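Survey of secondary and tertiary structure
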Amino acid sequence: MKNPKFLFLLIAVLEMNTVISQTKEINSMDSLTNLFIAHNCFNGEALVTKNNKPIYSTTVGFRDNTFKEKISQNSIFNIGSISKPFTSVAILQLQQKKLLNIEDKVKKHIPNFPYDNICIKHLLSHTSGLIGSFDQEIDLSSELNNDSIVNVLIRYDVQLFFPPGSEWGYSNLGYDLLAVIIERVSEMSFSDYMRKNIFIPAGMKNTFIPTTNNVIKYLPKDVPSKNILIPHMFENIASCEVKNIESVESIRTANDYFIGSGNVY
């Protein structure tokens, strides 16, 4: 090698430029996070990776609105609709095992399902025409859960918004029905199926699905209840005004609880 000093200097300059560029990125992310915090628009944990390496991490906010106990890296979140990809994986696992096919009509697995032309693939892709969720016209005084979906659809003669496969319309109920199909095909509860076939193989030892509003009851062994984060509900997507969710106790008073579309912790 004719000029090792020059080569060393070149490497040092390149590394310095990388560090400077990365520092700018981190500062930008920090500024954005702080802006969200200042406007009460962010409560949680952020992690950014680049080339499979963490470059930015922050934990901000409180477990609840009453005691203002800070969130920690061990806090457990209800991930809401990000639960849906787990449900999709379970359905595709069952197809891989030849226990169902996404081309199957839903009626094949739920015989009293009131719509003839909805297939599993329509539920997966939000193209079933089903309503998104039960609204004020449904008698919310009764207990609503995955087992009651079909009976409610029949009782209220709920009409489809469009013929299956013809349009797109986001539907939580579609994914709740997928959970029902998973239970019937696998002959396991949805939460047990997910734990055995997805969470444990993926090393997700603190991930779980409670099957009622009493979340604390379903905590994994050795996980303290103080790790549960109380959901911060916002008035709407555009608003940063948090609804007054005080504690897990207030969550338990809800008269409906669905799994498949959400509620993975």
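It should be noted that the structure appears before, not after, this text.
A short tour of the structure in this document, coming up. (Residues numbered from 1 in each chain as written. Predicted model: local features only at pLDDT ≥ 70, side-chain atom pairs only at ≥ 80, totals over all residues. Heavy atoms only, no water.)

The full count for this structure, using the stated rule, is six salt bridges. A salt bridge links Glu 25 to Lys 50; the nearest nitrogen and oxygen atoms lie 3.0 Å apart. Taken together, the residues span a long stretch of sequence, with Glu 25 in helix α1 (residues 4-38) and Lys 50 in strand β1 (residues 44-50) at a distance of 25 residues. Residue Lys 108 pairs with Asp 104 through a salt bridge whose shortest N-O separation is 3.8 Å. You can call Asp 104 buried: its relative accessible area is 12%. (Salt bridge = Lys/Arg side-chain N within 4 Å of Asp/Glu carboxyl O. Helix = DSSP H or I, 4+ residues; strand = E, 2+ residues; numbered from the N terminus. Buried < 20%, exposed > 50% of the residue type's maximum accessible area, 1.4 Å probe, protein only.)

What follows is about the packing of aromatic side chains. For the structure on display, the rule yields five aromatic pairs. Between the aromatic rings of Phe 134 and Phe 258, the centroid separation amounts to 6.3 Å while the plane-to-plane angle is 55°, which identifies the pairing as tilted. With Phe 134 in the loop between α4 (120-124) and β3 (144-145) and Phe 258 in the segment after β4 (256-257), the pair connects residues that are 124 residues apart, well separated along the chain. Using a relative accessible area of 12% as the deciding quantity, one classes Phe 134 as buried. Residue class for Phe 258 comes out buried when judged on its relative accessible area of 14%. With 5.5 Å between their ring centres and 20° between their planes, Phe 208 and Tyr 265 make a pair best called stacked. Highlighted residues: Phe 208 in the loop between α7 (190-199) and α8 (248-252) and Tyr 265 in the segment after β4, separated in sequence by 57 residues. For the pair shown, Phe 208 and Tyr 265 are each scored as buried. (Phe/Tyr/Trp six-rings, centres within 6.5 Å; stacked < 30°, edge-to-face > 60°.)

With that out of the way, let us pick up the environment of Met 194. Its place among the elements puts Met 194 in helix α7. Residue class for Met 194 comes out buried when judged on its relative accessible area of 0%. Taking the C-alpha atoms as reference, Met 194 lies 9.8 Å from Val 264; in sequence the two are 70 residues apart. Leaving out residues up to four positions away in the same chain, Met 194 has contacts with Phe 86, Thr 87, Ala 90, Phe 199 and Ile 209. (Contact = heavy atoms within 4.5 Å.)

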